[in-house]
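Observations on chain architecture
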Amino acid sequence: MNRRHVLQSAGVVSLGALAGCLDGVREHFTGSISTNAPIEIYSAAERSYNIALEGIDPESGRQTYDQSFSVNPNERVIPQTAARNGQLFRVTRFGHDDLSGRPGEDLVEQGTVERDTQQIDIHITDDDLTLTISRSETETNSSADGEERTDGDSASAE
């Protein structure tokens with residue numbers, strides 16, 4: 001066999017192998033690309049608060065998201081994004097110890113981060129904690145109490 005036939009055979013075999021790889025890559029990327037939902041925390045409080053953000057997979061009960069922050073007055077925090085996978089998303093604002101040494105009241109809000117979630121907003125005041133999960137305008141929204149919404153603006157978990 002001469003060198004030309006050997007190189008030609010090697011080229012044909014490598015192109016055949018590459019075609020199989022490309023087909024596998026194409027199969028891997030079929031479907032839609034899912035990005036994560038951005039989160040924004042804003043404090044309108046007079047004092048600093050510790051905040052915990054948790055995501056929990058409802059089927060397995062496994063924790064999927066866990067972040068903690070100390071948020072100062074008039075501060076805006078943009079934490080790591082959350083997966084849009086149907087997880088239960090919980091925000092806890094820990095209370096301060098009062099003058100007698102007793103711990104302050106912890107405030108907890110929760111909602112569901114779905115595939116159509118566009119933004120997660122958390123607003124902190126000294127008296128309240130608000131979690132707003134904004135949904136896309138093209139899909140039906142579901143609020144925290146299970147009522148379906150079709151207004152397309154947002155679903156607020158209060």
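So, how was this worked out
Each residue is numbered by its place in its chain's sequence as written, counting from 1. For this predicted model, a pLDDT threshold of at least 70 governs which residues receive local features, and a threshold of 80 or more governs which side-chain atom pairs are given and counted, while totals over whole chains, interfaces and linings are taken from all residues. With hydrogens and water stripped out, all remaining heavy atoms of the structure feed into the side-chain values. Strands here are runs of E lasting at least two residues and helices are runs of H or I lasting at least four, both read from the DSSP assignment and numbered beginning at the N terminus. The buried label applies to any residue whose accessible area, calculated with a 1.4 Å probe on protein chains only, is under 20% of its type's maximum; exposed applies above 50%, and partly exposed to all values in between. Whether two residues are in contact is decided by their heavy atoms: any pair within 4.5 Å suffices. The pairing criterion is simple: DSSP has to find at least two bridges between the two strands. Here an axis means a line fitted to C-alpha atoms, over the contact stretch when the element is a helix, while the angle between two N-to-C directions is reported on a 0 to 180 degree scale. Should a side-chain nitrogen of Lys or Arg be within 4 Å of a carboxyl oxygen of Asp or Glu, the pair is scored as a salt bridge. In these notes, a set of buried Ala, Val, Leu, Ile, Met, Phe, Trp, Tyr and Cys residues joined through side-chain atoms within 4.5 Å is what counts as a nonpolar core.

1. Here's the deal with the overall build of the protein
When you go through the protein residue by residue, the secondary structure sums to 1 helix and 11 strands. Ordered by position in the sequence, the α and β elements of the protein form the string α-β-β-β-β-β-β-β-β-β-β-β. Across the 158 residues in the protein, those meeting the buried criterion constitute 28%. Intrachain contacts of the protein at a sequence separation of at least 6 include 52% that bridge at least 24 residues.

2. As for the sheet that holds strand E3 (residues 63–71)
What holds strands together in a sheet is hydrogen bonding between their backbones, with the strands either parallel or antiparallel. On the basis of which strands lie adjacent, the open sheet formed by 4 strands has the order E3-E2-E5-E6 and antiparallel pairing. Of all strands in the sheet, those bounded by a partner on one side alone are E3 and strand E6 (107–113). Each adjacent strand pair in this sheet contributes to an overall mean axis angle of 15°, direction not counted. Pairing of strand E5 (residues 87–94) with E6, which is carried by 7 bridges, proceeds in the antiparallel orientation. Bridge pairing in E6 links Arg93 to Leu107.

3. Topic: the pattern of salt bridges
Applying the stated criterion across every chain, the model contains 2 salt bridges. A salt bridge links Arg76 to Glu40, with the shortest nitrogen-to-oxygen separation between them at 2.2 Å. One end of the pair, Arg76, is in strand E4 (residues 76–77); the other, Glu40, is in strand E1 (residues 39–43), and 36 residues separate them in sequence. Take Glu40: its relative accessible area is 23%, and that puts it in the partly exposed class. Between Arg90 and Glu54 there is a salt bridge, with the nearest N and O atoms lying 3.6 Å from each other. Pair noted here: Arg90 is in strand E5 and Glu54 is in strand E2 (residues 49–56), with a separation of 36 residues, a long-range link.

4. Remarks on the environment of Val108
On the secondary structure map, Val108 appears in strand E6. Overall, Val108 belongs to the partly exposed group, its relative accessible area being 46%. Taking the C-alpha atoms as reference, Val108 lies 9.5 Å from Ala52; in sequence the two are 56 residues apart. In this view, Val108 contacts Arg90, Val91, Thr92 and Leu129; residues no more than four positions away in its chain are not counted.

5. Quick word on the nonpolar core
Formed by 21 residues in total, the largest nonpolar core has its most connected members in Ile39, Leu53, Phe89, Val91, Ile120, Ile122 and Ile124. Sorting the residues of this core by element identifies E1, E2, E3, E5, E6, strand E7 (117–124) and strand E8 (129–135) as the ones contributing at least two each. Among all residues touching Leu53, those that are not within four sequence positions of it are Ile39, Ile41, Tyr65, Asp66, Gln67, Phe69, Pro79, Phe89, Arg90, Val91 and Ile122.

6. A closer look at the pairing of E8
Here E8 lies mainly inside the structure; 7 of its 7 residues are buried. Alternating residues of E8 divide into Leu129, Leu131, Ile133 and Arg135 and Thr130, Thr132 and Ser134, and every residue in both groups is buried. Here E7 runs beside E8; their pairing, made up of 7 bridges, is antiparallel. Bridge assignment links Thr117 to a residue of E8, and that residue is Arg135.

It is worth stressing that arrangement in space is one thing and function is another; only the former is reported here.
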